[in-house]
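Letter by letter, the chains look like this.
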Amino acid sequence: MTNNEIQKAAERVAKLQAQAEKLSAPIADAQAQLEAAQESEKARRAERGAVYDREFVESWGARAEEAAHSGDDARERFIQALSAEPWFAAYVEFRAARYRRSHVLTEAQRAQRSIGEPNTVPEQRWYDSQMLDEIQQAVEKQAAELGAQFAEEVTQSREDHVSRKG
């Protein structure tokens, strides 16, 4: 490479550095504006988050009460629908037989004590039904899924409040 080529390359580098320095000030300004806008948005979101949180704290009792009773009508409908099901009536009849046996055993024990005989009547043994456990597990699984949907709605409500412009 000749001195002339080196000179031209140096001049080109100097020219590009001057252009870069000329553009660096607007870039730095734009970067500063972006950072200020981001900080402003962060502060605004924090403020709106605090407002939302204060409002939620003030209203949580009523919200919890409403949530607790939001299933009351559904429970009534469930009991009515359940009572109309033939399988439920059969299960109630099955369980009632267990109570009848218990009453017979209790009465026999009382009668033995009354006439002074030794107690030979066994104690009632209660066995839980596997069917109820399976129903309970299915109910809890679906209820937890509905609860999770509600939790997402509450979270989205807060996000919507915090993100609202203005």
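Here the structure is a predicted model, which means the values were calculated and not measured.

## Considering the overall build of the chain
Turning to step 1, where the next piece is worked out: The number of helices and strands found in the chain is four helices and zero strands.
Turning to step 2, where the next piece is worked out: Scaling as 2.2 N^0.38, a compact globule of 166 residues should have a C-alpha radius of gyration of about 15 Å, whereas the chain reaches 38 Å, well beyond that.
Turning to step 3, where the next piece is worked out: Principal-axis analysis of the C-alpha atoms gives the chain an extent of 130 × 45 × 35 Å.
Turning to step 4, where the next piece is worked out: Expressed as a percentage of its 166 residues, the buried residues of the chain come to 10%.
Turning to step 5, where the next piece is worked out: With the model as given, the accessible surface of the chain reaches about 13,900 Å², and the carbon-plus-sulfur share is 57%.
Turning to step 6, where the next piece is worked out: Averaged over its 23 positive side-chain charges, the chain has a centre that lies 2 Å from the centre of its 30 negative ones.

## Observations regarding the packing of helix α1 (residues 3–69) against helix α4 (residues 130–163)
Turning to step 1, where the next piece is worked out: The interhelical angle for the contact between α1 and α4, taken along N-to-C directions, is 135 degrees, at an axis separation of 8 Å. Judged by the inter-axis angle, α1 sits oblique to α4. The two elements α1 and α4 cross, and the hand of that crossing is right-handed. For the pair formed by α1 and α4, the contact residues are Arg44, Arg45, Arg48, Gly49, Val51, Tyr52, Asp53, Glu55 and Phe56 on the first element and Val154, Ser157, Arg158, Glu159, His161, Val162 and Ser163 on the second.
Turning to step 2, where the next piece is worked out: By residue class, the composition of the contact of α1 with α4 is five nonpolar, four polar and seven charged.

## Description of the packing of aromatic side chains
Turning to step 1, where the next piece is worked out: Taken as a whole, this structure holds three aromatic pairs when the rule is applied.
Turning to step 2, where the next piece is worked out: Taking the centre distance of 6.0 Å and the plane angle of 85 degrees together, the rings of Trp87 and Phe88 count as edge-to-face.
Turning to step 3, where the next piece is worked out: Of the residues examined, Trp87 reaches a relative accessible area of 42% and is grouped as partly exposed.
Turning to step 4, where the next piece is worked out: Take Phe88: its relative accessible area is 21%, and that puts it in the partly exposed class.
Turning to step 5, where the next piece is worked out: A ring pair is formed by Tyr91 and Phe94, whose centres lie 5.9 Å apart and whose planes are at 40 degrees; its orientation type is tilted. Of the two residues, Tyr91 and Phe94 both sit in helix α3 (residues 86–115), three residues apart, roughly one turn of that helix.

## Examining the environment of Tyr52
Turning to step 1, where the next piece is worked out: With respect to the helices, strands and loops of the structure, Tyr52 is situated in helix α1.
Turning to step 2, where the next piece is worked out: Its relative accessible area of 8% is what places Tyr52 among the buried residues.
Turning to step 3, where the next piece is worked out: Along the chain, Tyr52 and Val162 lie 110 residues apart, while their C-alpha atoms are 7.4 Å from each other.
Turning to step 4, where the next piece is worked out: Non-local contacts of Tyr52, meaning those with residues more than four positions away in its chain, are made with Arg63, Val154, Ser157, Arg158 and His161.

## Focus on α3
Turning to step 1, where the next piece is worked out: Relative to the 44 Å expected for 30 residues at 1.5 Å per residue, α3 spans 43 Å between its end C-alpha atoms, a close match to the ideal helical length.
Turning to step 2, where the next piece is worked out: In the core, the buried residues of α3 are packed alongside α4.
Turning to step 3, where the next piece is worked out: Within two residues after α3, Gly116 carries a phi angle of roughly 80 degrees, on the positive side.

## A word on a nonpolar patch on the surface
Turning to step 1, where the next piece is worked out: Together, Trp87, Met131, Leu132, Ile135 and Val139 make up a nonpolar patch on the protein surface, roughly 420 Å² of accessible area in all.
Turning to step 2, where the next piece is worked out: In terms of residues, the nonpolar patch owes the most to one element, α4, which gives four residues.
Turning to step 3, where the next piece is worked out: Residue classification places Val139 among the partly exposed positions, given a relative accessible area of 45%.

## Things to note about the pattern of salt bridges
Turning to step 1, where the next piece is worked out: Using the criterion set out here, one finds five salt bridges in the structure.
Turning to step 2, where the next piece is worked out: We note a salt bridge from Arg45 to Glu159, for which the minimum N-O separation is 3.0 Å. Of this pair, Arg45 sits in helix α1 while Glu159 sits in helix α4, and the two are 114 residues apart along the sequence.
Turning to step 3, where the next piece is worked out: Relative accessible area serves as the criterion here: at 28%, Arg45 is assigned to the partly exposed category.
Turning to step 4, where the next piece is worked out: Its relative accessible area of 33% is what places Glu159 among the partly exposed residues.
Turning to step 5, where the next piece is worked out: With a shortest N-O distance of 4.0 Å, Glu76 and Arg75 are connected by a salt bridge.

Rules used throughout
- Residue numbering note: each chain is counted from 1, following its sequence as written.
- Reporting of local features is limited, given that this is a predicted model, to residues whose pLDDT is at least 70; pairs of side-chain atoms are given and counted only at 80 or more, and all residues count toward the totals for whole chains, interfaces and linings.
- No hydrogens and no water enter the side-chain calculation; it runs on all heavy atoms of the structure.
- Put simply, DSSP H or I for four residues or longer makes a helix, DSSP E for two residues or longer makes a strand, and each gets a number counted from the N terminus.
- Atoms counted for the radius of gyration: C-alpha only. Globule rule: 2.2 Å times the number of residues to the power 0.38.
- Throughout this description, buried means an accessible area under 20% of the type-specific maximum (1.4 Å probe, protein chains only), exposed means over 50%, and partly exposed covers the range between.
- Values of accessible area rely on a 1.4 Å probe in the Shrake-Rupley scheme; residue burial ignores everything except the protein chains shown.
- Counted as positive: Lys and Arg. Counted as negative: Asp and Glu, with His and the chain ends omitted from the count.
- By convention, charge coordinates are those of NZ in Lys, CZ in Arg, CG in Asp, or CD in Glu.
- In this description, a line fitted to the C-alpha atoms serves as the axis of each element, helices being fitted only across the stretch in contact, and the angle between N-to-C directions of two axes falls anywhere from 0 to 180 degrees.
- Any angle between 65 and 115 degrees counts as roughly perpendicular, while under 35 counts as roughly parallel, over 145 as roughly antiparallel, and the rest as oblique.
- Should the near helix be turned anticlockwise from the far one by less than a right angle, the crossing is termed left-handed; should it be turned clockwise, right-handed.
- Note on definitions: a residue-residue contact is assigned when non-hydrogen atoms from the two residues lie within 4.5 Å.
- Residues are sorted three ways: Asp, Glu, Lys and Arg are charged, Ala, Val, Leu, Ile, Met, Phe, Trp, Tyr, Cys and Pro are nonpolar, and all the rest, Gly among them, are polar.
- Think of it this way: a Phe, Tyr or Trp ring, Trp meaning its six-membered ring, pairs with another when their centres are within 6.5 Å, and the plane angle makes it stacked under 30 degrees, edge-to-face over 60, tilted otherwise.
- Helices are assigned an expected span. That span is 1.5 Å times one less than the residue count.
- The patches reported here contain residues having more than 30% relative accessible area and no salt bridge. Joining distances are 9 Å for like charges and 5 Å for nonpolar side chains (Val, Leu, Ile, Met, Phe, Trp, Tyr).
- Note on definitions: salt bridges are taken to be side-chain nitrogens of Lys or Arg within 4 Å of carboxyl oxygens of Asp or Glu.

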